[in-house]
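Structural characterization, general
Chain by chain, the residues:
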Amino acid sequence: MTAPDALANAQAAFAEALQSAKGEEVATRFLAGDAERNRALLALYRGNVVANHTGAMTNSFLVLRQVVGEEFFDGLARAYRRERPSRGGNLDEAGEDFASFLAGFEPARELPYLADLAALEWAVARAWRAADAASVASEWLSGFDMESLAAARPSLQPAFQVLGSEWPIVQIWRQHQAFHEGGLAIRLEEAECACVWRDAQGVGVAAITPAERAFWLSLGAGETIGAALQVAVQTDSNFDFAACLGFALQHGLICHA
Amino acid sequence: MKHALAADAAGIGLRAPHLRDLLETRPALDFVEVHSENYFHAGGPALAGLLQVREHYPVSLHGVGLSLASGDAASTPMIDAHLESLAALVERVEPVLVSEHLCWGAFGGHHFNDLLPFPYSTEALALVAARVTRVQERLGRRILIENISAYVQFAGSEMSECEFLAALVARTGCGLLLDVNNLYVNACNFDFDPHAELARLPGEAVAEIHLAGHSVTELCRIDTHDAPVCDAVWSLYEDAVVRLGPRPTLIERDAKLPPLAELVAERDRAALAMARRCKEAA
């Protein structure tokens, strides 16, 4: 007979060995067979855990990996996992707070836009698997007069997200897409806000102005179009309301509630 | 769509890169199987693609992240959340089979996202049986539990993996997914007779068989699922179908994916081997 908590004790020791070679010695006491060989086998498991996690991170952060190089990326992913281990059985969710990790990670300071780039890539990954929703047709606008439009609270598609950044994250992202042609020089001093959506063509990414971002954030928080418009104009008096709505209808951002 | 598979059904594991090809060429397959977690999505094209596949093939959902054997309370909320995601997917896909591994991945609030072995003890049996029962109750259906490949064995094991699985079947009424490759890998790594171990499984509970390839290293055999099925595993498979009778059989490939046609050819080989050996044995 084994002790009542034998299973938990064995797993606790195994878990330590998965996180660090320092845990191997204790873990081998729970294993059958040669201790030296078991240490090597525990190291094999430890390597698999890292490889599984890095593989999932690679899928979600392809651009970031290209920007920093494979070796540095793998190091970032390992450091991230150590500090913020996976909390669920679905590895697609690994990377949820990679952006906030990078924002505070000293070795990544030389590339200050990495955190925002990670946030953009995560938004793209989320957009791919967000809930489906039926977009309104482009005639939607004709159902309103100015007053009723100002009072409307349209629903936005679940895949739609907006981000702010002090860096040209959309240009950086775009340069690393398969469809990108030519090597436009990126001017790092150009701050860009971004929006991410999903339509029949897949997931789209576009640069938007700070006023447009303020408009969408306000609508996303449940405000009326009138209130969102006011916030946008306060951000930038040249806010182009018609262009913003036109873009939304073109990409199906507004949905039936 | 919940019809049971024919006993001699043969299919392939379907991974995202093959999805479009499968829908366009529609090879003759009795079923396909996907990793449940790859479709834990609220919506989007991946899930839509799977639902489209389901119009043409029975779909089996194979989980890798439920962590049925976690021995700590901290893992319970994680397991519960995972089960809810699985339940939502099962409701949408109406799979022909639902399976998970006999393993743990989560402990102390961390998830290691791997299929990890544990001591096959009566204590573990009580815990895993309670979890399997909970899963079956939540999903409202029987699930299949799969034997894993392992690189270490625990001093605290009181029985073999197959004996553990047999006891689990007796306690929960679950079905079994026999991975012949995993059984063979373990037999090599731990130097036991896979045929004797196979004989310990309650044959009537085996509702699916997996076939896959593995790698041989100096240290041990590693279940990489990245190669064609090797001759020794084919041979063990043929012995298994003679013993068990025909069973729905799946070719699994998780990495280094070949063209779809190669997997289909391997599936055809399994279907032929199953038919031939079962006919000879009859």
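Residues numbered from 1 in each chain as written. Chains lettered and ligands numbered in written order. Predicted model: local features only at pLDDT ≥ 70, side-chain atom pairs only at ≥ 80, totals over all residues.

Concerning the sheet that holds strand E3 (residues 193-199) of chain A
Consider a sheet: its strands pair through backbone hydrogen bonds, and that pairing is either parallel or antiparallel. Residue and element names in this part refer to chain A. The criterion, for reference: Two strands pair under a simple rule: DSSP has to find at least two bridges between them. A run of H or I in DSSP becomes a helix once it reaches four residues, and a run of E becomes a strand once it reaches two; helices and strands are each numbered from the N terminus. Orientation is described by lines fitted to C-alpha atoms, with helices fitted over the stretch in contact, and by angles between N-to-C directions that extend from 0 to 180 degrees. With C-beta atoms placed from the backbone, a contact is any residue pair whose C-beta atoms sit within 7 Å.
Here we have three strands laid out as an open sheet, ordered E2-E3-E4, and antiparallel in their pairing. Looking at strand neighbours, the two that pair on one side only are strand E2 (161-163) and strand E4 (202-208), the edges of this open sheet. The sheet shows a mean angle of 20 degrees between the axes of neighbouring strands, taken without regard to direction. Judged from the three bridges that link them, E2 and E3 form a sheet pairing that is antiparallel. Its bridge partner lying in E3, valine 162 is registered against cysteine 195. Contacts from helix H7 (residues 114-129) reach E2, E3 and E4 within the one sheet, and its direction differs from that of E3 by about 15 degrees.

Some details on the packing of helix H3 (residues 35-60) of chain A against helix H5 (residues 70-83) of chain A
Residue and element names in this part refer to chain A. Which entries qualify depends on this criterion: Orientation categories follow fixed angle ranges, with anything under 35 degrees roughly parallel, anything over 145 roughly antiparallel, 65 to 115 roughly perpendicular, and all other angles oblique. Handedness of a helix crossing follows the sense of rotation of the near helix relative to the far helix, less than a right angle counterclockwise being left-handed and clockwise being right-handed. Only Asp, Glu, Lys and Arg are considered charged in this grouping, and only Ala, Val, Leu, Ile, Met, Phe, Trp, Tyr, Cys and Pro are considered nonpolar; every other residue, Gly among them, is considered polar.
Interaxial distance between H3 and H5 falls to 10 Å at its minimum, and their mutual angle equals 115 degrees. It follows from the interaxial angle that H3 and H5 lie roughly perpendicular. Crossing hand, H3 versus H5: right-handed. Residues Val50, His53, Thr54 and Met57 of H3 pack against Asp74, Ala77, Arg78 and Arg81 of H5. Tallied by class, residues from the contact of H3 with H5 come to three nonpolar, two polar and three charged.

Side note on the confidence of the model for chain B
Formally: For every residue, the predictor assigns a confidence score, pLDDT, that lies between 0 and 100.
Scored by pLDDT, chain B has a mean of 95; 99% of the residues are at 70 or more. Model confidence for the complex: the whole-complex pTM is 0.95, and ipTM, which rates the interface, is 0.95.

Section: the sheet that holds strand E7 (residues 144-146) of chain B
All names here are of chain B. Reading around the barrel, the eight strands line up as E1-E2-E3-E4-E7-E8-E9-E12 and close back on themselves, with parallel pairing between neighbours. Neighbour to neighbour, the strand axes of the sheet diverge by 25 degrees on average, direction disregarded. Bridging between strand E4 (residues 97-101) and E7 involves three bridges; their strand directions are parallel. Within the sheet, the bridge partner assigned to glutamate 100 lies in E7 and is isoleucine 145.

Looking at the interface of chain A and chain B
With 39 residues of chain A in contact, the opposing surface of chain B contributes 42 residues. Here the residues of the side of chain A that touches chain B sort into 23 nonpolar, eleven polar and five charged.

What to know about the nonpolar core
To be explicit about the condition: Here, a nonpolar core denotes buried Ala, Val, Leu, Ile, Met, Phe, Trp, Tyr and Cys residues that are linked to one another through C-beta atoms within 7 Å. With C-beta atoms placed from the backbone, a residue is buried if 20 or more other C-beta atoms are within 10 Å of its own, exposed if 12 or fewer are, and partly exposed between those counts.
Ile145, Leu176, Val180 and Leu211 of chain B are the most contacted members of the largest nonpolar core, which has 102 residues in total. Every residue in contact with valine 180 of chain B, bar those within four places of it in the chain, is listed here: Ile209, His210, Leu211, Val233, Leu236, Tyr237 and Ala240 of chain B. In this structure, Leu64, Leu163, Val170 and Ile208 of chain A belong to the second largest nonpolar core, which totals 54 residues.

A short note on helix H9 (residues 260-281) of chain B
All names here are of chain B. The condition is simple: Expected helix span is taken as 1.5 Å per residue step, with the number of steps being one fewer than the number of residues. Taken from the helix axis, the directions to the C-beta atoms give the arc we talk about.
When the terminal C-alpha atoms of H9 are compared, their 32 Å separation across 22 residues agrees well with the 32 Å that a helix rising 1.5 Å per residue should span. The complete set of buried residues in H9 reads Leu260, Leu263, Val264, Glu266, Arg267, Ala270 and Met274. For H9, the angular spread of the buried residues around the axis is 160 degrees, confining them to a single face. In this structure, H9 carries Ala261, Leu272, Arg276, Lys279 and Glu280 as exposed residues pointing more than 90 degrees from its buried face.

Examining the domain arrangement of chain A
Residue and element names in this part refer to chain A. Basically, it comes down to this: Just so you know, the domain bounds were taken from an automatic or database domain assignment.
Assigned domains of chain A: these are domain 1 (1-111) and domain 2 (116-257). One C-alpha centre belongs to domain 1, the other to domain 2; they are set 36 Å apart. Looking at which element gives the most residues to the side of domain 1 that touches domain 2, the answer is helix H4 (residues 62-68), with four residues. Residues that form the side of domain 1 that touches domain 2 fall into these classes: seven nonpolar, three polar and one charged.

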